[in-house]
Amino acid sequence: AEGRYTFDPGFMSTASCESAITFIDGEKGVLLHRGYPIEQLAENSDYLETCFLLLYGELPTAEQKEKFVNTVKSHTMAHEQLKNFFNGFRRDAHPMAIMCGVVGALSAFYHDSLDINDYKHREISAIRLIAKIPTIAAMCFKYSKGEPMIYPRNDLGYSENFLHMMFSTPCDGPTPKISPVLAKAMDKIFILHADHEQNASTSTVRLAGSSGANPFACIAAGIAALWGPAHGGANEAVLTMLEEIGDVSNIDKFIAKAKDKNDPFKLMGFGHRVYKNFDPRAKVMKQTCDEVLAELGINDPQLELAMKLEEIARNDPYFKERNLYPNVDFYSGIILKAIGIPTSMFTVIFALARTVGWISHWKEMLAGPYKIGRPRQLYTGKAQRNYVEIDKR
Ligand code: SDX
């Protein structure tokens, strides 16, 4: 079989599918969703409108938008019995572990719409996932805190409602105390994470979906793939790293570790497989970060440390030669921290936002001709040999 296959570890030069959803030019630092630059969407759109764009290919008219938002809102509640699932987990479990399990379990609750060959079933599953994922994410957080889970409020916007379910308690009374500035920042974080073509988790969703698996199972697979620190887990890893560095005076030591090939340590939140220029999302994220910090008047030494680290790394020849710039996860963690979201929830929030990207790719794949994903390998094991009786080994 040798020579018959292209050997491409990490799929550095393999296009696994055709897609009309997202375009990236990594050399120029360009990211377009359905042709629209990410900077314009972050500035002018909102998350649910961007979801519509990713799912259906065009920005909605006012009428389409209203209908879409109302449809999503009519599905925000999670099945009451789903709560029982949480009780099976330890309260100190990582919320991503709970997310993998609970989202996978959705196929046991919404099995009235699992016929992947039926367009209407695919449609309702997509809406259910986008509508329920913030509710489930907030339930994970409340469970870890030992606080009562908060029901969604459909009179609030998507991001505002998420912050309400995260931070309100029944003792607060009927008016949620959600700052519009923070809700806007949250919405921008969601837009900036909504899709990113064939990254590890999206490729996982497509591969799982190519076998005919149901959408909830496919998204659970995506959540699992996203969890790793080289992918979506990086936003959490950035904060852990900042804690480890501790003080500006230690930065040089950690930069040296990151450059040392015998040391597994890497600067979290730096580098990208595709962007060999600044990640355009990181630019918007940095600006949002500055706005949020100014609005909240936060004077956090850890944020100062992050800014200093960024400056030192960006001027270091090692990082310059390898085009290692801060990526989207470097700044998102800092904003989330400022909003008051605990570190363990960072990757959950990435998963929440990316659900629309995953489901758009899944729907796109199922709408066209596709084959089950089945890569080959270059076999490096033993040649054929005969079985040896146990007393002769
Ligand atoms: C996301 O793909 C996507 O679209 C993902 C994502 C999305 O929206 O879905 O954008 C989200 O996952 C962002 C990435 C978050 N990960 C991190 O921040 C973790 C730290 N970064 C890396 O581990 C790394 O840069 C990757 C995983 C992001 C990219 O890995 P590649 O493309 O395989 O690059 P590489 O490991 O081959 O690196 C090339 C060189 C190597 O040095 P040399 O062997 O050439 O001397 O750069 C070095 C690497 O050692 N390098 C780093 C480094 N990242 C790469 N050195 C120190 N610190 C780093 N962070």
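The rules behind each value
- Residues numbered from 1 in each chain as written.
- Predicted model: local features only at pLDDT ≥ 70, side-chain atom pairs only at ≥ 80, totals over all residues.
- Helix = DSSP H or I, 4+ residues; strand = E, 2+ residues; numbered from the N terminus.
- Rg over C-alpha atoms; globule rule 2.2 N^0.38 Å.
- Buried ≥ 20, exposed ≤ 12 C-beta atoms within 10 Å, placed from the backbone.
- Contact = placed C-beta atoms within 7 Å.
- Axes fitted to C-alpha atoms, helices over the stretch in contact; angles between N-to-C directions.
- Parallel < 35°, antiparallel > 145°, perpendicular 65-115°, else oblique.
- Left-handed = near helix turned anticlockwise from the far one by under 90°.
- Nonpolar A, V, L, I, M, F, W, Y, C, P; charged D, E, K, R; others polar.
- Core = buried A, V, L, I, M, F, W, Y, C linked by C-beta atoms within 7 Å.
- Near = placed C-beta within 6 Å.
- Pairing = 2+ DSSP bridges.

What follows deals with the overall build of the protein. Within the protein, the regular secondary structure consists of 17 helices and three strands. Taken over the C-alpha trace, the protein has a radius of gyration of 22 Å; the compact-globule value for 393 residues is 21 Å, and the two agree within 12%. Overall, the protein is about 75 × 60 × 50 Å in size when its C-alpha atoms are taken along their principal axes. The buried share of the protein, taken over its 393 residues, is 42%. For the protein, contacts bridging at least 24 residues in sequence account for 77% of all contacts bridging at least 6.

This part is about the packing of helix α5 (residues 95-105) against helix α10 (residues 215-226). Viewed as axis vectors pointing N to C, α5 and α10 meet at an angle of 170 degrees, and their least axial separation amounts to 8 Å. For the element pair α5 / α10, the angle class is roughly antiparallel. In this structure, α5 crosses over α10, and the sense of that crossing is left-handed. Contacts between α5 and α10 pair M96, M99, C100, V103 and G104 from the former with F216, A217, I219, A220, I223 and A224 from the latter. By residue class, the composition of the contact of α5 with α10 is ten nonpolar, one polar and no charged.

On to the nonpolar core, then. Ranked by size, the top nonpolar core spans 104 residues in total, and within it M99, V103, A137, I219, I223 and I349 carry the most contacts. If near-sequence neighbours (up to four positions away) are discounted, I219 is found in contact with V103, L129, V205, T355, W358 and I359.

Close contacts around the ligand come from 22 residues, with H196, N199, A234, G271 and R273 the closest. Taken together, the residues of the shell around the ligand break down into nine nonpolar, nine polar and four charged.

With that out of the way, let us pick up the sheet that holds strand β1 (residues 22-25). Spatially, three strands are ordered β1-β2-β3 in an open sheet, and the strand pairing comes out antiparallel. A strand with exactly one partner marks an edge of an open sheet, and here the two such strands are β1 and β3 (36-37). Summarising the sheet, β1 and strand β2 (residues 30-33) pair through four bridges and their orientation is antiparallel. Each residue of the ladder has a partner; that of F23, found in β2, is L32.

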